[in-house]
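Breakdown of the fold
Listed below are the residues making up each chain.
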Amino acid sequence: MAKESEGVAVGIDLGTTYSCVAVWLEHHNRVEIIHNNQGNKTTPSYVAFTDKQRLIGDAAKNQAAINPTNTVFDAKRMIGRKYNDPNIQKDKLLWPFKVISGVDDQPTIVVQHKGQERRLCAEEVSAMILLKMRNIAEAYLESPVKNAVITTRRAIAGLNVLRIINEPTAAAIAYGLDKRSNCVGERNIFVSDFGGGTFDVSLLTIKDKVFEIKATAGNTHLGGEDFDNRMLNYFMEEFNKKNNLDISGNSRALRRLRNACERAKRVLSYNVDAFIEIDGLFKGIDFCSSITRGRFEELNIDLFRECIDTVNKCVTDANMDKNCVDDVVLVGGSSRIPKLQQLLQEFFNGKDLCRSINPDESVAFGAAVQAALLSEGFKNVPNLVLHDVTPLSLGILTKGDLMSVVIPKNTTIPVKKKQRYSTPGDNHTVIKIDVFEGERARATDNNLLGWFKLSGIPKGPKGQPVMVTFEIDANGILYVTAEDETTGNSNEITISHDTGRMSPKEVARLIQEAKDYEAEDKKFLEKARARKDLDDYIYNMEKDLKDKKKNKGIIARSILKAKRLVTDDEDKHDKEEYEKELKHLQKVFERMMPRLEN
Ligand code: AMP
């Protein structure tokens, strides 16, 4: 075993509530889902701190009720968010551990460890869980594990991340391999991954060994924990009504009730009602109650609808008729909820849902296959090719902080696209190319990937042509080149996965943000256009007058006034002002030009 695993790469599904690790076993021709020392194939994504030690996984979750304030879970829900984010503020009310605003408004977890206060960011907690998953693999393989394909970007010491893979894509690999023998021709597969904290979906086409992702969508803040929270609130109110006591400030009682809610929720996936019984929940008072599946569904119906909106978005983005979807694959623990299954089935016009692959293990399974494919020395690993899509639009910053998209989101890679730009002012011999990813209209609201300068542009009027090329190879590496078309001078930048690119989770968050700010972005775009129209008009007018050597009097004064407006801080003005100024300038120009001509 030890020999076989030398240089082995594992696949790790780092889940919000549970994590799973898998490995490709070359001599056995299959993937093994690795069990932990408790014999479980999934490990709770929990880290606990005590006076004596740090516990991770089952050991941490098992002592959560007696040490609630120092037992951290849900760390993944904090990643990529600020402390002030409304989602964090909402979650915080139900977390028994302390979360405060840290450097740069990062959510910071405060625990007591070995008698001292310790502050941690969510990334640190996730890294601890990742390392635990590596240790589980090492114990099983009896050998060091150095490489991994993971589902979330996390740079951690001692583990080289070969690739970050979207959960649904990893699950699709598991599905594709499972169905290999009876899959003929092209099949369109919809994968829904509904876990503890997130909901991710992908639409793919599988043909022979080629997996082509058509579109992805997701919600980074929607998962099983939200249902637990709704039920928790429901029973807290009930306890309050019955006993006139509020348990929300007592972390131990909260933790015990939350555990009971999660168990009841699971029961409701198989039974029509579930019972809760907790001895001495608060101030020695026992709590016994029940909940029906119908009531549970009522409590969460808006969340279920949100899931279907995300599904619809993905199918629309893929430009595919939903009737062309051959299989709907369900993965993730929360996909067992009957109401969600019913709504999904209705959305796909009654199509049977595929439940044959293990919902808890398939993501790690797919990641393990991908890990083996990216490592050397595996001959038996199924040869498959992943054609991913760009999860976010890619483009450059243009005048007025406008995002100019070169490669739109959901474009299949590899891809190469060219777009012609021009120098924004007279005699610009150097231009800066800022490369961004994201869906916001204002470039700086997106994620800056990198920048470079193109120099040596010959002096001349504004509008000198510059060709910008974006190329993404099969590994997702982005090459951006800018070429001065007059001289042939060029410069370029390479942006790989570890230079600021977003993880699938962060991508989904950015997309959500773009949706939230749609109206604001529209306003910004309209204003930016009005400002640019005025700027262009001034430029052309000045050029015309210079040619005629007649830039005087009322025209000169009007131009000066308009120029002040376009160069002033844009926050001080609105779209209407630019439009009004442009109209005024046009009028002056039309009235005065014939006089100047004569
Ligand atoms: P995952 O991240 O895919 O492991 O999913 C974990 C989430 O699935 C947790 O929120 C669990 O409570 C939830 N879950 C697991 N089993 C069930 C079930 N039978 N019914 C409803 N939710 C479940």
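Cut-offs applied
- Residues numbered from 1 in each chain as written.
- Predicted model: local features only at pLDDT ≥ 70, side-chain atom pairs only at ≥ 80, totals over all residues.
- Heavy atoms only, no water.
- Domains from an automatic or database assignment.
- Buried area = accessible area lost by both parts, 1.4 Å probe.
- Salt bridge = Lys/Arg side-chain N within 4 Å of Asp/Glu carboxyl O.
- Polar contact = N/O pair within 3.5 Å; in protein donor to acceptor, adjacent residues only side chain to side chain.
- Nonpolar A, V, L, I, M, F, W, Y, C, P; charged D, E, K, R; others polar.
- Helix = DSSP H or I, 4+ residues; strand = E, 2+ residues; numbered from the N terminus.
- Buried < 20%, exposed > 50% of the residue type's maximum accessible area, 1.4 Å probe, protein only.
- Pairing = 2+ DSSP bridges.
- Contact = heavy atoms within 4.5 Å.
- Axes fitted to C-alpha atoms, helices over the stretch in contact; angles between N-to-C directions.
- Near = heavy atom within 4 Å.
- Areas by Shrake-Rupley, 256 points an atom, 1.4 Å probe, with all protein chains shown as cover.

Details of the domain arrangement of the chain
- By the assigned domains, the chain splits into domain 1 (8-160), domain 2 (167-221 + 307-364), domain 3 (224-299), domain 4 (394-514) and domain 5 (518-597).
- On a C-alpha basis, the centroid separation for the pair domain 2 and domain 3 is 31 Å.
- Together domain 2 and domain 3 conceal approximately 730 Å² of surface at their shared face, both sides included; 58% is due to carbon and sulfur atoms.
- Remark: the boundary between domain 2 and domain 3 carries zero salt bridges.
- Viewed at the interface, domain 3 and domain 2 are joined by four residue pairs in polar contact (both at pLDDT 80 or more).
- The class makeup of the residues in the side of domain 2 that touches domain 3 is three nonpolar, five polar and two charged.

Digging into unusual backbone geometry
- The peptide bond linking Ile413 to Pro414 adopts the cis configuration, its omega dihedral lying at 5 degrees.
- As for its position among the elements, Pro414 is in the loop between β22 (402-407) and β23 (415-422).
- A positive phi angle is found at Lys283, which is not glycine, with a value near 50 degrees.
- Looking at where Lys283 falls in the secondary structure, it is placed in the loop between β16 (273-282) and β17 (285-292).
- For Lys283, a relative accessible area of 65% translates into the label exposed.
- Positive phi, close to 55 degrees, is recorded for Asn427, a residue that is not glycine.
- As for its position among the elements, Asn427 is in the loop between β23 and β24 (431-437).

Quick look at the pattern of salt bridges
- Scanning the entire structure with this criterion turns up 31 salt bridges.
- Linking Arg187 and Asp327 is a salt bridge whose minimum nitrogen-to-oxygen distance equals 2.9 Å. Of this pair, Arg187 sits in strand β13 (residues 186-194) while Asp327 sits in strand β18 (residues 327-331), and the two are 140 residues apart along the sequence.
- Through salt bridges that share partners, Arg440, Arg442, Asp445, Glu520 and Asp521 make up one connected network.

A look at the pairing of β22
- Most of β22 is tucked away, with five of its six residues classed as buried.
- By the bridge criterion, five bridges tie strand β21 (residues 394-398) to β22 in an arrangement that is antiparallel. If you follow Thr398 over to β22, its bridge partner there is Leu402.
- Counted between consecutive antiparallel strands, the loop separating β21 from β22 contains three residues, among which Gly400 sits at a positive phi close to 85 degrees.

Some details on the sheet that holds β18
- A sheet is described by the order of its strands in space; here six strands give the open sequence β19-β18-β13-β14-β15-β20, paired in mixed fashion. Two strands lie at the open edges of the sheet, namely β19 (353-354) and β20 (385-387), each paired on one side alone.
- Across three bridges, strand β15 (residues 210-219) lies against β20 in parallel orientation. Within β20, the residue paired with Val210 across the bridge is Val385.
- Sitting on the sheet, helix α5 (residues 167-178) is in contact with β13, β14 (199-207), β15, β18, β19 and β20, with an inclination near 40 degrees to β14.

Observations regarding the site of the ligand
- Around the ligand sit 16 residues, and of these Thr17, Glu262, Lys265, Ser269 and Gly333 come closest.
- At 3.5 Å, a side-chain N or O of Arg266 approaches a nitrogen atom of the ligand.
- In the model, a nitrogen atom of the ligand is placed 3.5 Å from a nitrogen or oxygen of the Tyr270 side chain.
- Considering the ligand on its own, with 510 Å² of exposed area, one finds that the protein chains cover 93% of that surface.
- For the shell around the ligand, the secondary structure elements donating two or more residues are α6 (224-243) and α7 (251-268).
- Split by residue class, the shell around the ligand holds three nonpolar, eight polar and five charged.
- Two domains each provide a minimum of three residues to the shell around the ligand, namely domain 2 (167-221 + 307-364) and domain 3 (224-299).

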